[in-house]
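Chain residues, written in single-letter form:
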Amino acid sequence: MVAPPTEHEILDVNRRYHDVAAGSYDAKWGISFGEIGHQQVLGKLTKLLGPRPGPFAESLEIGAGTGYFSLNLLQTGVVRHATCTDISPGMLATLERNAEMLGLDVSTAACDAAELPFEDESFDLVLGHAVLHHLPDLPRAFAEFARVLRPGGTLFFAGEPSRSGDKLAAFPKGAALRVAPLWRRALGLAPAPHDDADPEDHALEAVVDVHAFVPSDLERHAAGAGFGGVRVQGEELLANWFGWFNRTLESSADPRSIPGPWIQYAYRGYIALQRVDRLLLEPRLPPRIFYNLMVAARKPG
Ligand SMILES: C[S@@+](CC[C@H](N)C(=O)[O-])C[C@H]1O[C@@H](n2cnc3c(N)ncnc32)[C@H](O)[C@@H]1O
């Protein structure tokens, strides 16, 4: 039997894995710092913080990656000054380049979420996107979020994989793998020049992805660190199935051979289904069945 990775190993593999991913991260995930990015990020924030979130004078992002959330929030005026942290210096280097290109001023610090190098009560908003599931010590990390927030400050995390969403995503991926040769033939596409699914990548993913959550996990961690007004919501179901199906098809073909109209169709379809999820499914179905979970809370005081 293989021993589970230690906390130190999880942190170390996360740093190395994301350092390598940093160069191609924005292209791989279609990260936008324009109108689309503003709408996506604001769309998530308003689901839990109401129609006009902020403005927050000082924000701290945990696992900020290449800047998806903080740089879009700065541009939309929701945040006045942003501090971006990440365990991967490579990700932060890309974030700094992105900020410079956009003419934005940010502070950065390479550190672990569970050991933040900031004074008590320094921030009005602590936020993150797709990062909690990488953290080996969630109680310590949430205690740090509470420590650095000012009384009355806001906590917001989104993009965390739900347990059932993780399982459900296997279906569109499996279906897409089966029809990929047919799809390539129909569109006259060349196969991908190399197998994207490097076995070493899979092994590392198993170490960096530590958790998939049920809503009560997030509620428990936030309440356990002393936060009040804890709210958890689920988002994206149809949009994610559609997205995973298309992403899996696309990864089977040479990216240079995928025609523009297909990319437009995949993008517009995803946005349309996000709207269906938001308007019809999210208000009616329990959070746990959605692909992503988000949590917001307030530090008392
Ligand atoms: C899936 S990426 C998300 C990046 C960005 N938030 C986004 O939405 O594009 C996860 C990020 O969390 C960072 N991370 C992983 N473990 C961490 C830890 N213990 N402390 C701080 N950041 C961490 C990774 O380096 C990576 O940049």
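For the structure, see preceding data.
An account of the accompanying structure is given in this report.

**Things to note about the site of the ligand**
Then comes step 1: Around the ligand, 21 residues are found, and the nearest of them are Tyr25, Gly63, Asp86, Asp112 and His129.
Then comes step 2: Isoleucine 87 is positioned with one of its backbone polar atoms (N or O) 3.3 Å from a nitrogen atom of the ligand.
Then comes step 3: The separation between a nitrogen atom of the ligand and a polar main-chain atom of alanine 113 is 3.0 Å.
Then comes step 4: Protein coverage of the free-state accessible area of the ligand, which is 600 Å², stands at 96%.
Then comes step 5: Here the shell around the ligand takes three residues from helix H1 (residues 7-21), the largest share from any one element.

**So, the sheet that holds strand E5 (residues 149-161)**
Then comes step 1: Strand order in the open sheet made by the seven strands is E3-E2-E1-E4-E5-E7-E6, with mixed pairing throughout. Of all strands in the sheet, those bounded by a partner on one side alone are strand E3 (106-110) and strand E6 (228-235). Taking the axes of each pair of neighbouring strands and ignoring which way they run, one obtains an average angle of 15 degrees across the sheet.
Then comes step 2: Sheet topology note: the strand E1 (residues 56-62)/strand E4 (residues 123-129) ladder contains four bridges and is parallel.

**As for the nonpolar core**
Then comes step 1: By size, the foremost hydrophobic cluster in this structure holds 30 residues, and its most contacted members are Ile62, Val126, Leu132, Phe145, Leu155 and Phe157.
Then comes step 2: Looking at this core, the elements that each hand over two or more residues are E1, E4, helix H6 (138-148), E5, helix H10 (215-224) and strand E7 (292-298).
Then comes step 3: The greatest single-element share of this core, amounting to six residues, is contributed by H6.

**Notes on the packing of helix H11 (residues 238-251) against helix H12 (residues 260-281)**
A pair of packed helices is characterised by two quantities: the angle between their axes and the separation of those axes.
Then comes step 1: At their nearest, the axes of H11 and H12 sit 7 Å apart, and the two run at 160 degrees to each other. Classified by the angle their axes make, H11 and H12 are roughly antiparallel. Between H11 and H12 lies a crossing of left-handed hand. On H12, the residues touching Leu238, Ala239, Phe242, Gly243, Asn246, Leu249 and Glu250 of H11 are Trp262, Tyr265, Ala266, Gly269, Tyr270, Leu273, Gln274, Val276, Asp277 and Leu281.
Then comes step 2: Residue composition of the contact of H11 with H12, grouped by class: 11 nonpolar, four polar and two charged.

**Thoughts on the layout of surface pockets**
Then comes step 1: Put simply, the second largest pocket is a space of about 290 Å³.
Then comes step 2: What lines the second largest pocket is a set of 14 residues, among which Gln39, Gln40, Ile271, Gln274 and Arg278 lie closest to the centre.
Then comes step 3: Secondary-structure elements contributing two or more residues to the lining of the second largest pocket are helix H3 (35-49) and H12.
Then comes step 4: No other element matches H3, which puts six residues into the lining of the second largest pocket.
Then comes step 5: For the lining of the second largest pocket, the per-class residue count stands at three nonpolar, four polar and seven charged.

**Observations regarding the pattern of salt bridges**
Close approach of charged atoms allows side chains with opposite charge to pair.
Then comes step 1: If you walk through the whole model with that rule in mind, you get 15 salt bridges.
Then comes step 2: The salt bridge involving aspartate 124 is made with arginine 150; its shortest N-O contact spans 3.0 Å. Within this pair, whereas aspartate 124 is found in strand E4, its partner arginine 150 is found in strand E5, the two being separated by 26 residues in sequence.
Then comes step 3: We note a salt bridge from arginine 163 to aspartate 217, for which the minimum N-O separation is 3.5 Å.

**Digging into empty space enclosed by the protein**
Then comes step 1: The tally for this structure, following the rule as stated, stands at one cavity of 30 Å³ or more.
Then comes step 2: Space inside the largest cavity adds up to approximately 40 Å³.
Then comes step 3: Along the walls of the largest cavity sit Glu7, Leu11, Asp112, Ala114, Leu135, Pro136, Asp137 and Ala141, which together make up its complete lining.
Then comes step 4: Tallied by class, the residues present in the lining of the largest cavity amount to five nonpolar, no polar and three charged.

**Some thoughts on helix H4 (residues 68-76)**
Along an α-helix, a turn takes 3.6 residues, which lines up residues three or four apart on a common side.
Then comes step 1: Across the nine residues that make up H4, a large majority, seven, are buried.
Then comes step 2: Among all positions in H4, only Tyr68, Phe69, Ser70, Leu71, Asn72, Leu73 and Leu74 are buried.

**Some thoughts on unusual backbone geometry**
Then comes step 1: Each neighbour pair has its own omega, and for glycine 54 with proline 55 the value is 0 degrees, a cis peptide bond.
Then comes step 2: Turning to its location among the elements, proline 55 is positioned in the loop between H3 and E1.
Then comes step 3: Phi at glutamate 121 is positive, roughly 55 degrees, even though this residue is not glycine.
Then comes step 4: Mapped onto the elements, glutamate 121 comes out in the loop between E3 and E4.
Then comes step 5: Owing to a relative accessible area of 42%, glutamate 121 belongs among the partly exposed residues under this scheme.
Then comes step 6: Here glutamate 236, not a glycine, exhibits a phi torsion of approximately 70 degrees, which is positive.

Quick notes on the rules
Residues numbered from 1 in each chain as written. Predicted model: local features only at pLDDT ≥ 70, side-chain atom pairs only at ≥ 80, totals over all residues. Heavy atoms only, no water. Near = heavy atom within 4 Å. Polar contact = N/O pair within 3.5 Å; in protein donor to acceptor, adjacent residues only side chain to side chain. Areas by Shrake-Rupley, 256 points an atom, 1.4 Å probe, with all protein chains shown as cover. Helix = DSSP H or I, 4+ residues; strand = E, 2+ residues; numbered from the N terminus. Pairing = 2+ DSSP bridges. Axes fitted to C-alpha atoms, helices over the stretch in contact; angles between N-to-C directions. Core = buried A, V, L, I, M, F, W, Y, C linked by side-chain atoms within 4.5 Å. Buried < 20%, exposed > 50% of the residue type's maximum accessible area, 1.4 Å probe, protein only. Parallel < 35°, antiparallel > 145°, perpendicular 65-115°, else oblique. Left-handed = near helix turned anticlockwise from the far one by under 90°. Contact = heavy atoms within 4.5 Å. Nonpolar A, V, L, I, M, F, W, Y, C, P; charged D, E, K, R; others polar. 1 Å grid on protein atoms, 1.4 Å probe; cavity = no way out; pocket = protein on both sides within 12 Å on 5 of 7 lines; lining within 4 Å. Points joined across faces, edges and corners; volume = space filled by probe spheres on them. Salt bridge = Lys/Arg side-chain N within 4 Å of Asp/Glu carboxyl O.

Any functional reading would require information that these geometric values do not contain.
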